[in-house]
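# Structure at a glance
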Amino acid sequence: MLNLRKLTHCTLLSAVMLCAHGVLAMEGAQKGLEISKEYKSRDTGWGDSSSEIKMILRNTEGQESIRKITFNTLEQLSDGDKSLTVFVEPYDLKGTAFLSFSHPVGADDQWLYLPALKRVKRISSSNKSGPFMGSEFAYEDLSSFEVQKYTYNYLGEEEANGLQSHKIEQFPVDENSGYKRRIVWIDKEAYRIQKIEFYDRKDALLKTLTYSGYNKYIEGFWRPDNAKMVNHQSGKSTVLEFYNYQFREGLSDSDFSQSSLKRLR
Amino acid sequence: MMNKIFNFVIKHPIWVFVAIIGLAFLASNGAKNLLFKSDYRVFFGPEHPQLQAYESMQKIYSKSDNVYFLIVPKDGNVFSKEHLASIQELTKQSWQIPYSTRVDSITNFQHSYAEGDDLVVEDLVTDVQSLTAADLNRIKEIALNEPQLVNKAVSEQGHVSVVNVTVRLPGVNPITEVPEVAAFVRDLKAQYLANNPGTEVYLSGMVMMNTAFSESSMADSATLIPLMFLLVIITIGVLLRTITGTIASVTVIIISIASTMGLAGWLGFYLTSPSSVAPIMILTLAVADCVHILSTMFYEMRQGAEKKAAIAKSLQLNLQPIFLTTVTTAIGFLCMNFSDSPPYRDLGNLVAMGIFLAFIFSMTIFPAMLSILPVRVSKDISDSQNNMHKLAGFIIAKKKVLLPVVSVITVVLALNVTSNEVNDDYVKYFDETVPFRTATDTMQENISGMTILEVSVDSGQSSGIYEPQYLKFVSDFSDWLRQQPETDHVSTITDTIKRVNRNMNGDDPSAYTLPTSRELAAQYVLMYELSLPYGLDLNSQINIDKSSTRLIVTFKNLTTSELIDVEQRIQAWSGANSNQYRMDIASPSLMFAHIGQSSVESLLISTTIALIVISIVLGLAMRSVRFGLISLLPNLAPVLVGFGIWGLMDGQMGVALAVVASMTLGIVVDDTVHFLSKYFHARRERGETPEQAIYYAFGNVGRSLWITTFVLVVGFAVLSISSFKTNADMGLLTAITLLVALIIDFLFLPPLLLAIDKSKSSKANQTDAQWDEQQSDLALKREAS
């Protein structure tokens, strides 16, 4: 009798503890989600933007290589953003344009205009985790942040780049993602991403992305001047330098269409 | 001076025992710092040019080791739902292997095709369960016509498949990283076998080779060392009939080994497969010191001397010869420093250190223990003394026959040295009992070898790889490589570019060609790259600046000379095609090939230097030019005969065997030293005739020479059962050489002495002989004081 009572006691206790754990996990997920939503909402409403990007690739032998692109985005409120990447350097790729409609879930729609062929080709692939132009950035690292792309876990507060930040774990929903999870540091002051750690499918630290040189543009949208990605496994790194941010230039869907690709020069 | 030390040892044996054990304990404490490096790169010094070339190439593209899963379905067809599903599952699981960065298999091959104006890039095998017979046929058709897959991921007949996992070891903790990967991989194999009873799975690749290095060394330590101890105990126990002597000898051996390995740890050495045999060699060599001291002591005791006096006398008599043989043996081992391969240098240094410690211990703790413990003398060894006497009689009687017969046999065998061929094939570093060897052999029989060359072709300008002229060169080069009879597979970016060109032309087979303009090639590659998933990128083939590409060429398992021949043919082809691009060739296979080649040079240098230094030491120690010169012949002949016999038996020579010459030279000298010193002692001090001197030498050292040689031969023969074949070969060749040395010392040296000594008695050489005698008198007087 006594034993039975004890047993019930124990069961109850562990049930409570399990629940507590579950509640805590739920709270973590909830808080992570809320902060991510807040981040997204603070970065909503800029309409369209363009910038010039210089990519500097380095390998462990000390060799360096430079690429230049212009990057245009059109904000989509009910879907992933549309983006248009035009290649400027190297010379062989000049005029090549990459159009992408990102979707929170499922494969993105992607087209490439090949000036040497004077034709637009659709890229039919669910892959978006390969290296972008041979750099340490995958296309998925560059595409827009959408809340539905991840599930969340709040890890606490930590300093990043000298700023007190929220530390959030994000688990990609898309099974074609190259990552098992990411850890993102978002500063409490202005909800800017300071740092992201990428963990590969076996949960080993693969890359660290650090943003710096944040500036405020129109109505308080923050954009970095510099993004540095270091691959811890290969020792290679890629730096993105951003120039000439422009917002609300009146870009529209017609500037982000297959037929628009050929017009670019 | 030395006598004072010996007296102290005999008077205060317990103090000496405790002090030495204490010191040995302190020294051996360093063994905890001694780590085993299981990485084939340890065979190359950091300055090794082929290693540098390879490392630089790895930095430019991607650094990698790998694991191969060889899947052999018993039904002989990979292209069934069941097998494809299992390979797909294994591919997925393999991404979980620690430090894995890439997994290539037939299922995740990035198959590209045209669909209207779309370029579709996807895994060759997607949803297995929904595949129809027609789909399976289509997949088989694609795979067996894809140059990237045939003979790499799938055999031409489609009967076996390989999953290749690229692993990038961080090198932060080299001790645990390789075993961690190996354990995981073996687990995957076990799971695969459990789920697929109708399949065999073999594991190969560089990671498994590294695993084999450490595992076969560990197995050796667990079996060979105890076996050696057992043999030593039996030999000393049975041949010298002494329990105390056996205990004392084993103690000397144990503390010699422990102190050496401990000091090695303190000095920052690390262990490798070759250097891990140091304990066995030290063990073998240390026995000789103990045997010599014991037999002299017993001799004295049989003559009626009291134990402590007998010990003192034995130490006094043996100090010089044992010191001398220690020095010459150490010189032989130290000459291993001329090897191009660091593990063999380490082995030489460790053993040299070990035998010096053994010398010190056999002069201190050994007599101390003999003083403490009871020693009984058995009387009944006159039998073998008699045998030695008979042998001497036989040799003297047959001297006219023996001298020419042994000379001719020696010359004939020595001439076979030229039958040896240089070959350092790392697959054959292991015998067939090692799973890595079986796996690699099976792979070679069924799909492809493991000999690989990586060739980087540099266009010299940024984005230069898209230049039509460059692409044509690389494509022609790939075609030429594929025509070579040794080639199994060529991985080249030009295949991918041709395929994309075909895709962009509606999959028209006639469009499997290179793009006509630089821009088009660049844009095709960009398009293809944008479609690739994580890990399956082109960065392993193209450098970041797009100025150079790397071809990976897989050959059948080639010998060193065959591979060097291929390398030279590549250079020649490049010259004949007026190649304007810089071409770098590197790979682990090539590294081993070159170290094999240069090992012959180091063999000649180290042997010559060992021979010169040892002869000088002998001449100085014995104060006799004649002695030094006479000893040359019986010292060098066994090494030549040993290598000659090896040429007949095996004929494969590499970096491991190259060190045997100088090493055995140092050991072989010992027998000559002991024999000649007794012979000259009899001739000069006792004024005996050459014949009497031969009897004297045989009676005095004949027995201990054959006992020590027996222990040495057995010791090195024990090494020859190692599954690490280079160590086994090294042991076997050394054993052969030492046996030959004893035969030459017994059957050839005495007739030679009789022949030479006769002519010496003529007047012309009188002065020289007198000078020699005076010198050796002086030496002996100095020794006595």
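Because the structure is predicted, anything quoted here is derived from the model rather than measured. (Residues numbered from 1 in each chain as written. Chains lettered and ligands numbered in written order. Predicted model: local features only at pLDDT ≥ 70, side-chain atom pairs only at ≥ 80, totals over all residues. Heavy atoms only, no water.)

### Concerning the overall build of chain A
A count of helical and extended segments in chain A gives three helices and 15 strands. Each of the 265 residues in chain A was classed as buried or not, and the buried ones make up 52%. Within chain A, contacts between residues at least 6 apart in sequence are counted, and of these 44% link residues at least 24 apart. Here chain A has roughly 12,400 Å² of accessible surface; of this, 53% comes from carbon and sulfur atoms. (Helix = DSSP H or I, 4+ residues; strand = E, 2+ residues; numbered from the N terminus. Buried < 20%, exposed > 50% of the residue type's maximum accessible area, 1.4 Å probe, protein only. Contact = heavy atoms within 4.5 Å. Areas by Shrake-Rupley, 256 points an atom, 1.4 Å probe, with all protein chains shown as cover.)

### A closer look at the pairing of strand β6 (residues 119-124) of chain A
Where strand β5 (residues 109-114) of chain A meets β6 of chain A, five bridges bridge the pair, whose relative direction is antiparallel. Bridge pairing in β6 of chain A links Leu112 of chain A to Lys121 of chain A. Counting the residues that bridge the hairpin from β5 of chain A to β6 of chain A gives four residues, and of these Lys118 of chain A lies at a positive phi of roughly 55°. The sheet contact formed by β6 of chain A and strand β4 (residues 118-123) of chain B spans three bridges and is parallel. Bridge assignment links Arg122 of chain A to a residue of β4 of chain B, and that residue is Asp118 of chain B. (Pairing = 2+ DSSP bridges.)

### Some words on the side chain of Asp187 of chain A
All names here are of chain A. Structurally, Asp187 is set in strand β9 (residues 179-187). Engagement of the side chain of Asp187 in a polar contact is seen with the backbone nitrogen of Ala190, the distance being 2.6 Å. For Asp187, the residues in contact, after removing those within four places along its chain, are Leu163, Gln164, Ser165, Arg192 and Gln194. (Polar contact = N/O pair within 3.5 Å; in protein donor to acceptor, adjacent residues only side chain to side chain.)

### Quick notes on unusual backbone geometry
All names here are of chain A. At the junction of Glu89 and Pro90, the peptide bond is cis and its omega measures out at 0° in the coordinates. You can see Pro90 is positioned in the loop between β3 (82-89) and β4 (97-101). One non-glycine residue, Lys118, lies in the positive phi region at around 55°. Look at Lys118 and you get exposed, because its relative accessible area is 59%.

### Some remarks on the sheet that holds strand β1 (residues 65-73) of chain B
Residues and elements named next belong to chain B. The strand order across the open sheet formed by four strands is β2-β5-β1-β6, and the pairing between neighbours is antiparallel. Each edge of the open sheet is held by one strand with a lone partner, namely β2 (100-104) and β6 (199-204). The average angle at which neighbouring strand axes cross in this sheet is 20°, direction not considered. By the bridge criterion, four bridges tie β2 to strand β5 (residues 161-167) in an arrangement that is antiparallel. Looking across to β5, one finds that Val103 is bridged to Val165. Across the sheet, helix α4 (residues 81-94) lies against β1, β2, β5 and β6, angled at about 5° from β5, the strand it touches most. (Axes fitted to C-alpha atoms, helices over the stretch in contact; angles between N-to-C directions.)

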